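Structural features, examined
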Amino acid sequence: MSAEPLAPATGDSPDDAPDKEQHPATGPDGAGPGGSGTGGSVWAALRPLVLRLHFYAGVLVAPFLLVAAVTGLLYAGSFQAEKLVYGHELRVPVGDRELPISQQVAAARKAHPEGEISAVRPSPDDGATTRVLLSGVKGVDPDHTLAVFVDPYTGKVRGALEQYGSSGALPLRTWIDEFHRDLHLGQTGRLYSELAASWLWVIALGGVVLWLSRRRKQRTLRAVVLPERAATGRRRTMSFHGAAGLWVALGLLFLSATGLTWSTYAGANVEDLRTAIGQTTPAVSATVGGGEHAGHHSGSGSMPGMDMGGTGEKAGHSADVGLDTVLEAARAKDLDNPVEIVPPAEPGSAYVVSQIQRSWPEKQDSVAIDPATGEVTDVQRFADYPVLAKLTRWGIDLHTGNLFGIVNQIALAALALTLILLIVWGYRMWWQRGRASAFGRPIPRGAWRRVPVYALLPLAVVIAVIGYYLPLLGIPLAAFLAVDLLMGAIARRRGTTSTA
């Protein structure tokens, strides 16, 4: 057995002398298995356990993280690529005066009478087109809409493309987004990204702790945060891996936490927790007059037979003030661009106009407007959101590259690229650890037996709680422990048989 297990797939190595022997009952710092002795003896017992977890998590989860990093890198560049690929639909020459929004919608409906209007996004700035969103269009994914792009100055339709999500992703970015989220495998595919997010923070924290403990005797900050360029072989690889991991650790923790907020299982647990403590995202009430259709606006709606471009009689309504009046009423409540207008979802409900700016500063105010009178019936300000609702909104927008625009996207690309390098370096260390004897020799088992009971029991409780709320962390960890115990029992039985 080597003095210490040497090469976690995504972590540091505790020793640069892999062939040095030591008694298996002795900790890496010379402490005994019970952890008695110096004040640092608990960490001396815990360190091999952290190293073993870091190693196997890296080996087994790194492929999923690699896919997430590569697809995340592509997604970070998709915003700028989208502007180039769809420039004709997105931008027009700036004119003297914009047409009323009702005329723009009428032009879109003349060119595309299919489906129903689910929302309208007026031109957000000079030279930008207006988007008229149609749902229920044949050949369009039911979860998507058909966005009809209209020149706000001339009323000319510039084209139509599928759109997805509140950020208005067009086909290129939508394809990359879904590839990153679920590998185009639907709900089942989302398990890969949740598994990666569930383990990323464990691997990142473990790597930081191991690297700092290894560098604790260094007397300069430079030796801790910069790689050893003069080193060679495995030590050089480990040096670059550890230093780079330290630099991006906070970013990786952020990506893990925000990625989990909208994952399948952990995301549901987060939502339940927010609901229990009253920190859910509020919504403007779309009810007019408090009738039987009481409820809150929670997304784009549409109403069969409605022609949002007009101002006269509507199906299911005695009268409708029309889009121009609705938009004017919203502007009077300080809802400046960009906004989205959603039609009444059913008789007895209101128009909902919401700000949709995901960049800093966030604009998320919304109002409900009575279609019969044009009066504002409810107002919801982003400033009044609960703290966790605001943090969730900011976290998601930062994770998806919206919050700080191109700077945000460059930072995400740098994080993704660094994560790719960390994984490559980690696997290279694993290979180098085998030397000429064996490829990627594993970390010896039994590290948990060195941990004192007073530290092991609380640790087990914490892990159990975290595993409950993050099932794609807890279930694989439990499976690993079960297999590890089984393999240990088999090895001991074979040892007993061979000496009998």
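No experiment lies behind these values; they were computed from the predicted model shown.

Before going further, it helps to examine the overall build of the protein chain. Of regular secondary structure, the protein chain possesses 13 helices and eight strands. Expressed as a percentage of its 500 residues, the buried residues of the protein chain come to 49%. Once local pairs closer than 6 in sequence are excluded, the contacts in the protein chain between residues at least 24 apart make up 62%. Accessible surface, the protein chain as shown: approximately 23900 Å² in total, 62% of it carbon and sulfur.

What follows is about the pairing of strand 3 (residues 145–150). Judged by how many residues are buried, strand 3 sits mostly within the fold: six of six residues are covered. Because side chains alternate across strand 3, one face comprises the buried residues Thr145, Ala147 and Phe149, and the other comprises Leu146, Val148 and Val150, equally buried. By the bridge criterion, five bridges tie strand 2 (residues 130–135) to strand 3 in an arrangement that is antiparallel. What sits directly across from Val132, in strand 3, is Val148. Looking at chain direction, strand 3 and strand 4 (residues 157–163) are connected through six bridges and run antiparallel.

For the rest of this paragraph, the subject is the environment of Ile396. For Ile396, the position within the fold is in helix 10 (residues 387–399). Residues Ile396 and Thr261 lie 135 residues apart in sequence; the distance between their C-alpha atoms is 8.2 Å. Once residues within four sequence positions are removed from consideration, Ile396 is found in contact with Thr261 and Trp262.

Let's shift gears to unusual backbone geometry. Look at the link from Asn337 to Pro338: it is a cis peptide, with omega at -5°. Within the element layout of this structure, Pro338 appears in the loop between helix 9 (323–332) and strand 5 (339–342). Cis geometry marks the peptide bond from Trp360 to Pro361; its omega dihedral reads -5°. By the secondary structure assignment, Pro361 is in the loop between strand 6 (351–355) and strand 7 (366–369). One non-glycine residue, His184, lies in positive phi territory at about 60°. By the secondary structure assignment, His184 is in the loop between helix 4 (171–182) and helix 5 (190–214). A residue is classified by how much of its surface remains accessible, and His184, at 35% relative accessible area, is partly exposed. Although it is not a glycine, Asp334 adopts a positive phi angle of roughly 70°. Along the chain, Asp334 turns up in the loop between helix 9 and strand 5. Assessed through its relative accessible area of 60%, Asp334 is described here as exposed.

Quick look at helix 9 now. Burial in helix 9 covers these residues: Leu323, Val326, Leu327, Ala329 and Ala330. Along the long axis of helix 9, the arc covered by the buried residues comes to 160°, so they all point the same way. Counted as exposed and oriented over 90 degrees from the buried face of helix 9: Glu328 and Ala332. For helix 9, the elements touching its buried residues are helix 3 (101–111), strand 1 (116–121), strand 5, strand 6, strand 7 and strand 8 (376–380). Downstream of helix 9 by one or two residues, Asp334 has phi in the positive range, about 70°.

Turning next to the packing of helix 1 (residues 41–85) against helix 4. Any two packed helices are characterised by the angle at which their axes cross and by the distance between the axes. Remark: helix 1 packs on helix 4, axes separated minimally by 8 Å, with the N-to-C direction vectors making an angle of 170°. Relative to helix 4, the element helix 1 lies roughly antiparallel. Contact with helix 1, carried on its side by Ala68, Thr71, Gly72, Leu74, Tyr75, Ser78, Phe79, Ala81, Glu82 and Val85, involves Leu172, Arg173, Ile176, Asp177, Phe179 and His180 of helix 4 and no other residues of that element. Partitioned by chemical class, the residues of the contact of helix 1 with helix 4 number nine nonpolar, four polar and three charged.

Caution is warranted with low-pLDDT regions, since their predicted coordinates should not be read in detail. Of all residues in the protein chain, 82% have pLDDT values of 70 or greater, and the mean over the chain is 85. Taken as a whole, residues 291–295 scores under 50 in pLDDT and shows eight contacts with residues more than four places along the chain or in a different chain. Note on residues 298–307: pLDDT is under 50 here. Beyond four places in sequence and across chains, it has 29 contacts.

The contact between helix 7 (residues 233–261) and helix 11 (residues 405–434) brings their axes to 8 Å, and the two run at 145°. Of the two elements, helix 7 crosses helix 11, and the hand of that crossing is left-handed. Between helix 7 and helix 11, the residues in contact are Gly233, Arg234, Thr237, Met238, Phe240, His241, Ala244, Gly245, Val248, Gly251, Leu252 and Leu255 and Leu412, Leu415, Thr418, Leu419, Leu422, Trp425, Gly426, Arg428, Met429, Gln432 and Arg433, respectively. Split by residue class, the contact of helix 7 with helix 11 holds 12 nonpolar, eight polar and three charged.

A full pass over the atoms with the stated rule returns 11 salt bridges. Arg181 is the salt-bridge partner of Asp177, the closest N and O atoms lying 3.1 Å from each other. Taken together, the positions of Asp177 and Arg181, both in helix 4 and four residues apart, correspond to about one turn of that helix. Its relative accessible area of 16% is what places Asp177 among the buried residues.

Counting 37 residues, the largest nonpolar core has Leu65, Trp199, Leu200, Ile203, Leu252 and Leu419 as its most contacted members. Looking at this core, the elements with two or more residues in it are helix 1, helix 5, helix 7, helix 11 and helix 13 (471–499). Sorting elements by how many residues they give to this core places helix 1 first, with 10 residues.

A few words now on the packing of aromatic side chains. Here the structure, examined in full by the defined rule, presents 12 aromatic pairs. Judged by centre distance (5.3 Å) and plane angle (45°), the rings of Trp175 and Phe179 are tilted. Residue Trp175 and its partner Phe179 are both found in helix 4; the two are separated by four residues, about one turn of the helix. Owing to a relative accessible area of 47%, Trp175 belongs among the partly exposed residues under this scheme. When the centroid spacing of 5.9 Å and the interplanar angle of 45° are considered together, the rings of Phe240 and Trp425 count as tilted. Remark: Trp425 occurs in helix 11 and Phe240 occurs in helix 7; sequence separation between them is 185 residues.

The rules behind the values
- Residues numbered from 1 in each chain as written.
- Predicted model: local features only at pLDDT ≥ 70, side-chain atom pairs only at ≥ 80, totals over all residues.
- Heavy atoms only, no water.
- Helix = DSSP H or I, 4+ residues; strand = E, 2+ residues; numbered from the N terminus.
- Buried < 20%, exposed > 50% of the residue type's maximum accessible area, 1.4 Å probe, protein only.
- Contact = heavy atoms within 4.5 Å.
- Areas by Shrake-Rupley, 256 points an atom, 1.4 Å probe, with all protein chains shown as cover.
- Pairing = 2+ DSSP bridges.
- Arc of directions from axis to C-beta.
- Axes fitted to C-alpha atoms, helices over the stretch in contact; angles between N-to-C directions.
- Parallel < 35°, antiparallel > 145°, perpendicular 65-115°, else oblique.
- Nonpolar A, V, L, I, M, F, W, Y, C, P; charged D, E, K, R; others polar.
- pLDDT = per-residue confidence, 0-100.
- Left-handed = near helix turned anticlockwise from the far one by under 90°.
- Salt bridge = Lys/Arg side-chain N within 4 Å of Asp/Glu carboxyl O.
- Core = buried A, V, L, I, M, F, W, Y, C linked by side-chain atoms within 4.5 Å.
- Phe/Tyr/Trp six-rings, centres within 6.5 Å; stacked < 30°, edge-to-face > 60°.

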